[in-house]
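# Residue-level structural notes
These are the residues of each chain, in order.
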Amino acid sequence: MARVRLTFSLAGALALAGCADGAVSPTAPARASASLSVAPVSSSRFLAVNVFQPLKLSESTNGNGLLSAASIAAPTQPDILYHGGPVIREPRIVAIYYSPTTIFPRGPRPGTTGEGEDDHSLIGYYLNHLGGSDHWNINSTYFEVEHAHKKFVRNFAEYSRYWAAADGAPQAGDVVSQDAMVNLIEAGFASHALKYNPHTLYMIFTGPGVNLGGGFSATNLQYCAFHTGYFRANGDVVQIAAMPYDADFTPAHPAGNFLCVPQNGAPNNDVGADGAVSAVTHEFEETTTDPVTSTPPFFLGWYDVNGQENGDKCAFTYGTVSNNGFGFWNLRIGNKPFLVQRNWAVTTPQGCLQTFERENDRHGPDNNSAMQ
């Protein structure tokens, strides 16, 4: 499955259309959703975008929709490479639920904000238990180099805050433009619903039927999620991710010949949240190991010669899979089962793993080592 790395600024809604040479051209959405009543940010264009592309339905095989061969092993791929820039060694995430109604069962009530630990949705449970897990520990194989020392990512991930933004929130059929996404986050900063942190990924969730970013619809499915960043007026870079409602596109309801969730079931019997966790992890892991920087070409972390980041290289592969009667799953995070794609590990040899156990990293010390 091809992955697209984009290193340009868009001037409107993001709509991604692959060309033969991997270039992508922006197009405006058919209609835009209502946006918050805040002044547009002059530096609101995305600096660079990496998209999580959908899966061809032909690669999904059985009646339940789960991948067979593709779920066991990713094809042979080149090693991932370090490009000299920063990683996020202690990553954090903020969930922005952009909807006039509650998106996931037991999720935050629209118009509220609070600590991540107070998000009682399945997404909240997952994010509150992800850090310290043997799956998230795969990221501890990545590092940045500072003063000739390797500084590794810790097995740490904090769900720091949520904001259920209801003002001007989109409904089914609406398109949320790039500017609306940026203005939403800036409105959160201005109202103190959000606090800026350079090590935080601000992930925007939308409900069923919403075209978040301009390339997520039944007639034009170009991604299942993406991560990017933008400059604030003071020059700070904000890490953001788009998390549209991936359960809109399953084997039972594909977008043409493409889907974002490779099964019709849900291991926790929560179709929307169960269908979101894999893409959430994909974007969070990629932002951790290859965040957007202020220096062109803006991605200076870890990716291979084809521009694929760690999540891209293991997309839609799951290793050992079980079925609990509600749906397929391959990992326990906390005490719950989830279907989460594998992650690429910088091990010897490199490759996709479900989990990674290394005692020192699991307990999260500041693992620095001199360059050899």
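Report on the accompanying structure. Along each chain, residue indices are assigned from 1 in the same order as the chain's sequence is written. Local features in a predicted model are, by the rule used here, given only for residues with pLDDT of at least 70; side-chain atom pairs are given and counted only at 80 or more, and totals for whole chains, interfaces and linings are based on all residues. Computation of side-chain values covers all heavy atoms of the structure but excludes hydrogens and water.

## Description of the pairing of strand 9 (residues 158–165)
Each residue is assigned to one of three classes by its accessible area relative to the maximum for its type, calculated with a 1.4 Å probe on protein chains only: buried under 20%, partly exposed between the two thresholds, exposed over 50%. The helix and strand labels rest on DSSP assignments: H or I over at least four residues marks a helix, E over at least two residues marks a strand, and numbering proceeds from the N terminus. Burial analysis of strand 9 places six of its eight residues in the buried class, which makes it a mostly covered element. Any two strands with at least two DSSP-identified bridges between them are counted as paired. Pairing between strand 5 (residues 92–98) and strand 9: seven bridges, direction parallel. Each residue of the ladder has a partner; that of Y98, found in strand 9, is A165. As paired strands, strand 6 (residues 113–115) and strand 9 are joined by three bridges and run antiparallel to one another. The residue of strand 9 that forms the bridge with G114 is Y162.

## What about the nonpolar core?
Here, nonpolar core means buried Ala, Val, Leu, Ile, Met, Phe, Trp, Tyr and Cys residues that are tied together by side-chain atoms lying within 4.5 Å of each other. Of all hydrophobic cores here, the largest spans 75 residues; its most connected members are I96, Y97, F104, I123, I185, Y202 and F205. Core analysis: the next-biggest nonpolar cluster, separate from the first, contains ten residues, F143, V153, W302 and C352 among them.

## A look at the state of the cysteines
In plain terms, two cysteine sulfur atoms within 2.5 Å form what is called a disulfide here. Per the stated rule, a full pass over the model turns up two disulfides. The disulfide partner of C224 is C260, and the gap between their sulfur atoms is 2.1 Å. Classification of the bridge connecting C224 and C260 rests on its S-S torsion, roughly -95°, and on that basis the disulfide is left-handed. Here C260 lies in the loop between strand 15 (258–259) and helix 4 (271–289) and C224 lies in the loop between strand 12 (211–212) and strand 13 (225–231), a separation of 36 residues in the sequence. The same class applies to C224 as to C260, namely buried.

## Things to note about the packing of helix 2 (residues 122–130) against helix 4
Where helix 2 contacts helix 4, the axes come no closer than 10 Å and their chain directions differ by 35°. The element helix 2 and its partner helix 4 pack so that their crossing is right-handed. In contact with L122, I123, Y126, L127 and L130 of helix 2, helix 4 contributes A273, D274, A276, V277, V280, T281 and F284. Here the nonpolar group is Ala, Val, Leu, Ile, Met, Phe, Trp, Tyr, Cys and Pro; Asp, Glu, Lys and Arg are the charged ones; every other residue, Gly included, is treated as polar. Across the contact of helix 2 with helix 4, the residue classes break down as ten nonpolar, one polar and one charged. For helices, the fitted axis covers only the stretch in contact; all axes are lines through C-alpha atoms, and the angles between them, taken along N-to-C directions, range from 0 to 180 degrees. Crossing handedness follows the turn of the near helix against the far one: under a right angle anticlockwise gives a left-handed crossing, and clockwise gives a right-handed one. We call two residues contacting when some pair of their heavy atoms lies within 4.5 Å.

## Considering the pattern of salt bridges
Salt bridges, as used here, are contacts in which a Lys or Arg side-chain nitrogen is within 4 Å of a carboxyl oxygen on Asp or Glu. Under the criterion given, the structure shown has six salt bridges. A salt bridge links E146 to K151; the nearest nitrogen and oxygen atoms lie 3.0 Å apart. Owing to a relative accessible area of 33%, E146 belongs among the partly exposed residues under this scheme. The buried category is assigned to K151, whose relative accessible area is 18%. For K313, the salt bridge identified is with D304, shortest N-O distance 2.8 Å. The buried category is assigned to K313, whose relative accessible area is 2%.

## A few points about unusual backbone geometry
Following P296, the chain continues into P297 via a peptide bond in cis, with omega recorded as 5°. Secondary-structure assignment places P297 in the loop between helix 4 and strand 16 (302–303). Residue P349 is reached from T348 by a cis peptide bond, and omega for that bond is 0°. Here P349 is to be found in the loop between strand 21 (343–345) and strand 22 (351–353). Unusually for a residue other than glycine, A148 sits at a positive phi of about 65°. As for its position among the elements, A148 is in the loop between strand 7 (143–146) and strand 8 (149–152).

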